[in-house]
Amino acid sequence: MNTYAFQLGREQKISIAEITAFFLHENIKVISQKHINQFLIVETKKPLDANKLISRLGGTIKIGTKLECPDSIVRAIVDSLDEDKTGKVHFSISGTNAKRVALNVKNQLKERGRSVRYIEANNTATIIHNHLIKRRSDFTIINKNVFMTVGVQNIESFSVRDYDRPGSDNVSGMLPPKLARIMVNLSLATPEQIILDPFCGSGTVLTEALDLGFKNIIGSDNSGKAIDDSKKNIEWISQNYQISDINYQTLLSDATQLSKKIKLNSIDVIISEPYMGKPLRGNERLDTLQMQTAELGQLYVSAFQEFYKVLKKGGMVVFIIPQFRHHDGWVKTDCVEKIKKAGFLLESFGEDESLLYWRKKQYVGRGIYRFRKK
Ligand SMILES: C[S@@+](CC[C@H](N)C(=O)[O-])C[C@H]1O[C@@H](n2cnc3c(N)ncnc32)[C@H](O)[C@@H]1O
């Protein structure tokens, strides 16, 4: 049996849905899974490839593998750190009673004649900079179990893609690359399939898909600037990340007219964060928000009628439907039933019909939905 702890991102339900989708996609057999605080503890029949997992997932911060603790947590960590007898030991511990355990570990290692440095690794950057994965010396205690870190998310690479790409749009806004990556994983697409983003903006979904190994991508948008930005960003990522053999297309098109430009029944997967209305100040009246959601609902339903035409049978759509904050509640965009009537099945995430991505104080919440063409 192999047991792993996945440290989940801020939106834990979304992170869990992504991990679940990834296991399904990779045909990984899970024996059990349990959600404890910000961790998902997973037991698998076969060992996992942690490097592959951490490089693919957008919503997992860290992955650890369980250490056997026949005596005590302290003893298990000391034995593990003392396995490699050479040089100074650099280690870090987080989780339940971390500081107390770390002190005991330090003392016991000193008693064994080792020179020791404890590093307070409160973030993944510290783990990376101190090479604690290669040194097998970052540990997380979750209740009575201890996990040795085998992979951490490369946060710097996400921020390079977020801030250093040439094409950006501060007016329409950009999807955080992590969320775009999660959406690609939730789509269960396979690498040879054709992915379309019909509201591509500056192309975040497309560039994350390329980084995940997809080669056939199409971006369309009704703004010329968005198309230019997408092209620039696709070229930029393919050069900077040395991605070759890509087959991409960008099209100036309204999402409600897609079938005029795209061959019918030709697309495998649609992944998109659509137009979400005018930027809000937060003091909008209820009727203003209701008018906005009604207009957006109509746009989305019309777009889905076109998605139906261009998608292959069984094709998946991962789509953001926004909802807007009003006092302590939400004004929702009511279009799911109409999308179903346009020929789609709602593919839920376990018990949840949708997943909410929202930062406190933001006026817009992004509901992530998954539909399949009947
Ligand atoms: C929220 S932005 C998408 C941002 C994109 N996810 C990114 O990360 O860059 C919405 C995009 O939809 C485009 N748009 C608005 N109405 C549209 C329509 N009817 N058809 C196609 N694109 C539309 C806008 O030009 C804008 O680029």
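Here, residues in each chain are numbered from 1, in the same order as that chain's written sequence. It should be noted that, the model being predicted, local features are given only for residues of pLDDT at least 70 and side-chain atom pairs only at 80 or more, the latter also being counted only at that level, while totals for whole chains, interfaces and linings use all residues. Side-chain metrics rest on all non-hydrogen atoms present in the structure, leaving aside hydrogens and water.

Q: Whenever I open this one, the overall build of the protein chain confuses me. Can you help?
A: By definition, any uninterrupted DSSP run of H or I lasting at least four residues is a helix, any uninterrupted run of E lasting at least two residues is a strand, and each is numbered from the N terminus. If you tally the helices and strands in the protein chain, you get 11 helices and 17 strands. The atom set for the radius of gyration is the C-alpha atoms, and the globule formula is 2.2 Å times the number of residues raised to the power 0.38. A globule of 374 residues ought to have a C-alpha radius of gyration of about 21 Å, and the protein chain, at 23 Å, matches this closely. Expressed along its principal axes, the backbone C-alpha trace of the protein chain runs to roughly 75 × 50 × 40 Å. Evaluated residue by residue, the protein chain yields a buried proportion of 52% over its 374 residues. Contact between two residues is taken to exist if any of their heavy atoms lie within 4.5 Å; hydrogens are not considered. Long-range pairs, those at least 24 residues apart, make up 74% of the contacts in the protein chain with a sequence separation of at least 6. Carbon and sulfur atoms form 48% of the exposed surface of the protein chain, whose accessible area is close to 18,300 Å². Taking the 54 positively charged and 41 negatively charged side chains of the protein chain as two groups, their mean positions are separated by 2 Å. Accessibility here uses a 1.4 Å probe with only protein chains present; expressed as a share of the type maximum, an area under 20% marks a residue as buried, one over 50% as exposed, and anything in between as partly exposed. Under the convention used here, a 1.4 Å probe and the Shrake-Rupley method define accessible areas, while residue burial counts only the protein chains that appear. Charged-residue counts in this description rest on Lys and Arg as positive and Asp and Glu as negative, His and the chain ends being excluded. Taken as the charge location is NZ of Lys, CZ of Arg, CG of Asp or CD of Glu.

Q: I keep staring at the packing of aromatic side chains and nothing clicks. Help me out?
A: For any pair of aromatic rings, geometry is given as the distance between the ring centres together with the angle between the planes. Stacked, tilted and edge-to-face are the three classes assigned to paired rings of Phe, Tyr and Trp, where Trp is represented by its six-membered ring and a pair needs centres within 6.5 Å; plane angles under 30 degrees give stacked, over 60 edge-to-face, the rest tilted. Evaluated as defined, the whole model comprises 13 aromatic pairs. Residues Phe304 and Phe319 carry aromatic rings whose centres are separated by 5.0 Å and whose planes lie at 80° to one another, so their mutual orientation is edge-to-face. Taken together, the residues span a long stretch of sequence, with Phe304 in helix 10 (residues 286-310) and Phe319 in strand 13 (residues 311-326) at a distance of 15 residues. Note on Phe319: relative accessible area 0%, which makes it buried. These aromatic residues form a ring-pair network of at least three members: Phe199, Tyr300, Phe304, Phe307, Tyr308, Phe319, Phe344, Tyr369 and Phe371. Criterion for a charge above a ring: Arg CZ or Lys NZ at most 6 Å from the ring centre, at most 35 degrees from the ring normal. The ring of Tyr357 carries Arg10 above its face, with NZ or CZ at 5.3 Å from the centroid. Stacked on the ring of Trp330, the Lys or Arg Arg325 has its end atom at 4.6 Å from the ring centre.

Q: Would you mind going over a positive patch on the surface with me for this structure?
A: For patch detection, residues must exceed 30% relative accessible area and be free of salt bridges, and they are connected within 9 Å for like charges or within 5 Å for nonpolar side chains (Val, Leu, Ile, Met, Phe, Trp, Tyr). Here, a salt bridge means any Lys or Arg side-chain nitrogen found within 4 Å of an Asp or Glu carboxyl oxygen. Together, Lys88, Arg117, Lys134 and Arg135 give the surface a local cluster of positive charge. For Arg117, the position within the fold is in strand 6 (residues 116-118). When its relative accessible area of 34% is taken as the criterion, Arg117 is described as partly exposed.

Q: What is the right way to look at the layout of surface pockets in this model?
A: Any space left empty among the atoms is revealed by the rolling of a water-sized probe across them. The computed volume of the second largest pocket comes to approximately 300 Å³. Residue lining of the second largest pocket: 15 residues in total, with Ile16, Ala17, Thr20, Phe349 and Gly350 positioned closest to the centre. At six residues, helix 1 (residues 12-25) tops the list of elements feeding residues into the lining of the second largest pocket. Considering only residue class, the lining of the second largest pocket consists of seven nonpolar, three polar and five charged. Annotation comment: domain bounds sourced from an automatic or database domain assignment. In terms of domain composition, the lining of the second largest pocket takes at least three residues from each of domain 1 (2-153) and domain 2 (156-373). A pocket here means an open set of points on a 1 Å grid, computed over the protein atoms alone, that has protein on both sides within 12 Å along at least five of seven lines. A cavity is instead a set of points where a 1.4 Å probe fits but cannot get out; residues with an atom within 4 Å of a point line either one. Grid points are joined across faces, edges and corners, and a volume is the space filled by probe spheres set on the points. Residues were grouped as follows: Ala, Val, Leu, Ile, Met, Phe, Trp, Tyr, Cys and Pro as nonpolar; Asp, Glu, Lys and Arg as charged; and all remaining residues, including Gly, as polar.

Q: I'm lost on the sheet that holds strand 2 (residues 30-36) in this one. Help?
A: Strands belonging to one sheet form pairs held by backbone hydrogen bonds; the direction of such a pair is parallel or antiparallel. Whether two strands pair depends on DSSP finding at least two bridges between them. Taken in spatial order, the eight strands line up as 2-3-1-4-8-7-5-6 in an open sheet, and their pairing is mixed. Each edge of the open sheet carries a strand with a single partner, namely strand 2 and strand 6. Between one strand axis and the next, the sheet turns through 30° on average, direction left out of account. Taken together, the three bridges between strand 5 (residues 89-95) and strand 6 define a ladder with parallel strand orientation. From the neighbouring strand, His90 faces strand 6, where its bridge partner is Arg117. For every element, the axis is a line fit to its C-alpha atoms; helices are fit only across the contacting stretch, and the angle between N-to-C directions ranges from 0 to 180 degrees. Helix 3 (residues 73-82) rests against strand 5, strand 7 (138-142) and strand 8 (145-152) of the sheet, and its axis sits at about 40° to strand 8. Along the sheet face, helix 4 (residues 98-111) touches strand 5, strand 6 and strand 7 and points at about 155° away from the line of strand 5.

Q: Which parts of the structure should I look at to understand the environment of Ile368?
A: Looking at where Ile368 falls in the secondary structure, it is placed in strand 17 (residues 364-373). Residues Ile368 and Leu355, 13 residues apart in the sequence, show an inter-C-alpha distance of 5.1 Å. If sequence neighbours within four positions are ignored, Ile368 has contacts with Ile14, Leu179, Leu186, Val318, Phe319, Ile320, Phe349, Glu353, Ser354 and Leu355.

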